[in-house]
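Coordinate analysis (summary)
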Amino acid sequence: MYNRLILLLFFYITLPAAIASESSQWNKTIANISDSVVSIRVNVVRTFDTESSKTTQATGFVVDAKRGIILTNRHVVNPGPITAEAIFANNEEIDLTPIYRDPVHDFGFFQYNPQDLQFIQPKSLKLAKDGAKIGVDIKVIGNDSGEHMSILSGTLARLDRPAPQYRRGGYNDFNTFYFQSSADTSGGSSGSPVIDIQGQVIALNAGGNHHSSSSFFLPLYKVTQALKAIQNAQPVSRGTIFTTLTYQPYDEARRLGLSQKHEALFRKKNPVNGVLVIERLLAQSPAAQNLKIGDIILSARVNNQTIEYTGRFDAFELFLDQHVAQNITLTVSRFGQEINVEIPIADLHKATPRQYVQVAGGIFNNFSYQLARQTNLPIEGVYIASPGYMFSKAGINRGNVIQAINQQPIKHLDDFIQALSTLKQNEYFSIKYVSIGLPNQQQLANIEFQTRWHLSQSCQQNLLQHRWTCQQLNWHTQSQSSEPTQVKLTQYNNQYTAKIANSLVMVQSTLPYHIDGQNFQSYSGTGLILDAKQGLVLADRNTVPIKMLDVSLTISGVTEIPANVLFVHPIHSFVLLQYDPSLLPNTPLKSARLSEEKLSEGDTVWLVGYQTASRIIGEPVLVSSVEALKLPMPDVPQFRDANSDAIVIDQPPAVASGVLIDSKGIVRSWWTNFTLDSSGNQTIDRGLPVDEIIRIRNQWQKQQSIVVNSLEIEALPISIAQAKNYGLSNDWMKAIQNAAHKPQVLKVYTRTVGTDAFNKIQNGDLLLAIDQQIIRNYQDLHQRSQATEVMVTVWRDKKAINIPLKTHQLNQLDTNEIYLWGGAILQKPHRALAVQMGIEAQGVYVSWYWYGSPANRYHLTPLHRIIGLEDYKIESLEQFIRLTKEFRNKKYLRLRLMDLSKRESVITLKPDHQYWPTQKIFWDEKNSQWRNQLLD
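Anyway, here's the lowdown on the structure attached to this text. Quick caveat: nothing in here was measured; it's all calculated off a predicted structure. (Residues numbered from 1 in each chain as written. Predicted model: local features only at pLDDT ≥ 70, side-chain atom pairs only at ≥ 80, totals over all residues. Heavy atoms only, no water.)

Along the backbone of the protein chain there are 19 helices and 58 strands. The contacts of the protein chain with a sequence gap of at least 6 include a subset with a gap of at least 24, amounting to 65%. If you sum the accessible surface of the protein chain, you get close to 40,500 Å²; carbon and sulfur atoms cover 46% of it. Charged side chains in the protein chain number 89 positive and 82 negative. The centres of these two groups are separated by 2 Å. (Helix = DSSP H or I, 4+ residues; strand = E, 2+ residues; numbered from the N terminus. Contact = heavy atoms within 4.5 Å. Areas by Shrake-Rupley, 256 points an atom, 1.4 Å probe, with all protein chains shown as cover. Lys, Arg positive; Asp, Glu negative; His and termini not counted. Charge placed at Lys NZ, Arg CZ, Asp CG, Glu CD.)

So, on to the side chain of H830. The topology assignment puts H830 in the loop between β51 (824–827) and α17 (831–837). Discounting chain neighbours no more than four positions away, the residues touching H830 are D516, G517, P637, Q638, T815 and Y845.

Attention now moves to the sheet that holds strand β33 (residues 550–555). Reading around the circumference, β30-β31-β32-β35-β34-β33 is the order of the 6 strands in this closed barrel, with antiparallel pairing throughout. For this sheet, the mean angle separating the axes of adjacent strands, direction not counted, is 40°. Note: strand β31 (residues 522–531) against strand β32 (residues 536–539), 3 bridges, orientation antiparallel. Residue D531 lies in a different strand from β32, and its bridge partner there is L536. (Pairing = 2+ DSSP bridges. Axes fitted to C-alpha atoms, helices over the stretch in contact; angles between N-to-C directions.)

Below, the discussion takes up the sheet that holds strand β3 (residues 69–72). In a beta sheet, neighbouring strands are held together by backbone hydrogen bonds and run either parallel or antiparallel to one another. Around the barrel, which closes on itself, the 6 strands sit in the order β1-β2-β3-β6-β5-β4 with antiparallel pairing between neighbours. Taking each pair of neighbouring strands and ignoring which way they run, the sheet shows an average axis angle of 40°. Note that strand β2 (residues 54–64) and β3 share 3 bridges and pair antiparallel. Paired with V62 across the two strands is I70, which belongs to β3.

I500, L528, V659 and V667 are the most contacted members of the largest nonpolar core, which totals 37 residues. Of all the elements, helix α12 (residues 691–703) adds the most residues to this core, at 4 residues. Excluding anything up to four places from it in sequence, I500 contacts L528, A592, V608, V659, I661, G665 and V667. (Core = buried A, V, L, I, M, F, W, Y, C linked by side-chain atoms within 4.5 Å. Buried < 20%, exposed > 50% of the residue type's maximum accessible area, 1.4 Å probe, protein only.)

Its 13 residues give α12 an end-to-end C-alpha distance of 18 Å, which sits within 8% of 18 Å, the value for a rise of 1.5 Å per residue. Three or more residues of α12 are buried, namely D691, E692, I693, I694, I696, R697, Q699 and W700. In this structure, the buried residues of α12 make contact with β31, β32, β34 (559–568), β35 (575–578), β40 (667–675) and α16 (778–783). Positive backbone phi, approximately 55°, marks Q704, located one or two places after α12. (Expected span 1.5 Å × (residues − 1).)

In this structure, Q403 sits in strand β24 (residues 400–405). With a relative accessible area of 25%, Q403 lands in the partly exposed category. Sequence separation of Q403 and K488 is 85 residues, and the distance between their C-alpha atoms is 37 Å. Beyond its immediate sequence surroundings of up to four residues, Q403 is in contact with Q408, P409, I410, K432, Y433, V434 and Q442. Side chain to side chain, Q403 and Q442 meet in a polar contact 2.7 Å long. (Polar contact = N/O pair within 3.5 Å; in protein donor to acceptor, adjacent residues only side chain to side chain.)

Further remarks concern a positive patch on the surface. Side chains of K499, K590, R593 and K664 sit close together on the surface and give a patch of like positive charge. One can find K664 in the loop between β39 (658–661) and β40. Relative accessible area serves as the criterion here: at 57%, K664 is assigned to the exposed category. (Patch = residues over 30% accessible without salt bridge, like charges linked within 9 Å, V, L, I, M, F, W, Y side chains within 5 Å. Salt bridge = Lys/Arg side-chain N within 4 Å of Asp/Glu carboxyl O.)

Moving on to the pattern of salt bridges. Throughout the structure, instances matching the rule amount to 43 salt bridges. Measuring nitrogen to oxygen at the nearest pair gives 2.9 Å for the salt bridge that ties D295 to R334. Placement of the pair is D295 in the loop between α6 (286–290) and β16 (296–302) and R334 in strand β18 (residues 327–334), with a sequence separation of 39 residues. Using a relative accessible area of 1% as the deciding quantity, one classes D295 as buried.

Among the 8 residues of β18, 7 are classified as buried, and the element is accordingly described as predominantly covered. Taken together, the 5 bridges between β16 and β18 define a ladder with antiparallel strand orientation. Looking at β18, one finds that S299 is bridged to T331. In this structure, β18 lies alongside strand β19 (residues 337–344), joined through 8 bridges in antiparallel fashion.

So, about the pairing of strand β9 (residues 177–181). With 5 of 5 residues buried, β9 is to be regarded as a mostly interior element. Here β9 shows a buried face lined by F177, F179 and S181 and a second buried face lined by Y178 and Q180. Pairing analysis gives 4 bridges linking strand β8 (residues 150–162) to β9, with the strands arranged antiparallel. Bridge assignment links L156 to a residue of β9, and that residue is S181. Judged from the 3 bridges that link them, β9 and strand β12 (residues 214–218) form a sheet pairing that is antiparallel. In the strand pairing of β12, S181 is matched with S215.

In this section: the packing of aromatic side chains. Given two aromatic rings, their pairing is described by the distance between the two centres and the angle made by the two planes. Overall, the coordinates contain 27 aromatic pairs when judged by the stated rule. Geometrically, the ring pair formed by F174 and Y369 is edge-to-face, given 5.8 Å between the ring centres and 85° between the ring planes. Separated by 195 residues along the polypeptide, F174 in the loop between β8 and β9 and Y369 in helix α8 (residues 369–375) bring together distant segments of the chain. The burial state of F174 is the same as that of Y369; both residues are buried. With a centroid separation of 4.9 Å and 35° between ring planes, the pair formed by F364 and F416 is classed as tilted. Of this pair, F364 sits in strand β22 (residues 362–366) while F416 sits in helix α10 (residues 413–421), and the two are 52 residues apart along the sequence. In terms of burial, F364 and F416 fall into one category: buried. Taken together, F364, F391, F416, F429, F449 and W475 form an aromatic cluster joined through their ring pairs. Sitting above the plane of the F639 ring, R541 keeps its charged end 4.0 Å from the centroid. (Phe/Tyr/Trp six-rings, centres within 6.5 Å; stacked < 30°, edge-to-face > 60°. Lys NZ or Arg CZ within 6 Å of the ring centre and 35° of its normal.)

The following block contains the structure:
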């Protein structure tokens, strides 16, 4: 008893000292290695294979200070093109070059130029591939959760964990054990060194399970072999027989047919308590023809070299790596029987895609082994990493594999390029494809070949230079001529639908770029034929929101023809389109009859419009009210109708826009849809007067152009009684009542910045007259604002004031050119910014950016204006592009930004001319088409 007390006393006395000693040792270890751990900023510039474009951060550490080699994860180095920078402990920033990413395991190497470091001298951290033991205390040192330096503690709990499966369709490691610990690491710590108390790196942090607070570490056996080859300027040999192996303990192996004899030999020669079993075979591979799921690997032989009775992934994998391009003889136990099979060992690097094609905004690469093994498909076909404009128009998404184009098999990218090179612009081609989610169900789609909007190139990974080199692809520029089609129009039993159906078409539009505040790519709605001889069609701005897009018309669900955008109304939801009538010979399309006669509350009309491309519906409806259209300000500045009376109908039928007609089939109102929020989930339907439609139709028929002048104010009607409260005189009240059927006064509630009205009119003014003619309603306001100069009479401060005003011409405000710079879409500030946010048309407006771009990395975010570059004030888009050319060789550019609240900020941005060259998209007047011009 006495001795026990002495021992306990000794334990309690010495424990604090031991803990303090261990803590001191850890402090020394961490201080010794911290200069060698770096934070890595990565721009994944292209969606490629399993990875999506993005900006991300991770960790790495120096393993060869002399050569500047940094070890991190494969999912950090990425299989596709990236740019990367390392930030050392002293905040020195240095460019990184990816020099190796393993085809299977989650490790890769970056390289930097050691001579570029001026203020820090990192050491090479020692890799101890055999240093991991169960129970060893470890530290994970890295950039955890975005922190520059974070130290997490843990204890190794398992050394034989299966490789983690992160997600289907993404990168997943296989054919290796992983270590497991309770250190709860997060995304930024990917690539962190896992060190023991001596400062040895015993594993590489790779991932974790946040639900169980577990972290997964990659063993270093393959890392050390690859590093040695790189240091000796030799290729990293990687072999495969296209099988996924699983480790099974002896009890399970017995149930699979392992004999007692073979188990005894395994236990004698094998350092682990299990065997390697075939879990998965690549479809149509030699292994799939010779091996079976559940086969237990007993031995492998190439020539006179043999490996036998091993349950270690690393030993079997090393044997394959040493015999690439040779035949291997495997002896397997198949349900208790020994079977010998001969299989070629393939080069694993060749099963990894190293090329992509960029066309029509999409990214395509050869189907990879990574994805093939997950989907039970062969390594054949072209993978749609990103569908881009052309493929997404046809409803084709990421994650599909193209197997044929126009009935020709597509095995790889060369087949893909060859198939597309035969096509003309706007020509339809068919593809057969499968989804990686449903690999056994082949699908068929038709796609319209359109490449003029985007840069096309083929890019190849140069293994010697460790960079991607690109070659521009040139397609046919000639357009496929549309074939004339006689359409037998659908006959409708409903007499009211029949009266207008021959004047209706279905309109589809698609946007190649997100500009002018538009968030969606595709829109559809009803079109109204205004002039069948000239092919004039009216659409709304919820169907054709801007001018820079593609438009087509579907006639009675029978044929689809192209259309051009002639005019986009800047104030109201009207767009004038034109098609070629010769494409519809002997098709009895009719010009719609329009009437300016106003609808009133209680009137019965028929709402007619398209529900789908081939179905028109028509139902009687009752006009509930006629009231001023008042729409909320959108979250993102974009077109918003104003200064209009609107027809309200309770619970109208669902149509993709349409018309309200009377019993004679005459159009009395244009029925359109208005979006109330940026998500597009909240909408309202309203009918608009047709007087402005008649005006723009007549102008175009007469002079082939349309001019819209505006005072650039928004007003809402108030009653005479309310106007009286503002002090309106009895004489003016009497004059307004005598002039109007529905007495009201328009009250100004906003003016557009940069106009004459902004300087002379005030919010709250009551509009009384223009050029001595009383303003009764919105129609009067529009009609009497078409002169270039007008005299406006307003009521202000209890008296009438005459104010001479210059109107603003709006028909030249369409966005007809944009620039792609630094991965952002830049445009001139559009009208909605001035109308809704009070922002003048100065500087450069950022409409959009792409993930993985410099704009994404350095926060050149949409809804900002660039107002300064270096020491220059930016007045226009052209000036900005010119200055970026002058500063092309500057590593970082200093940009001054202003948000929609007119708050200024300054950022620095590092341009990337290789992956994000400057491009101009503009309307080519000479050839009457949109073009993409590469400027870099």
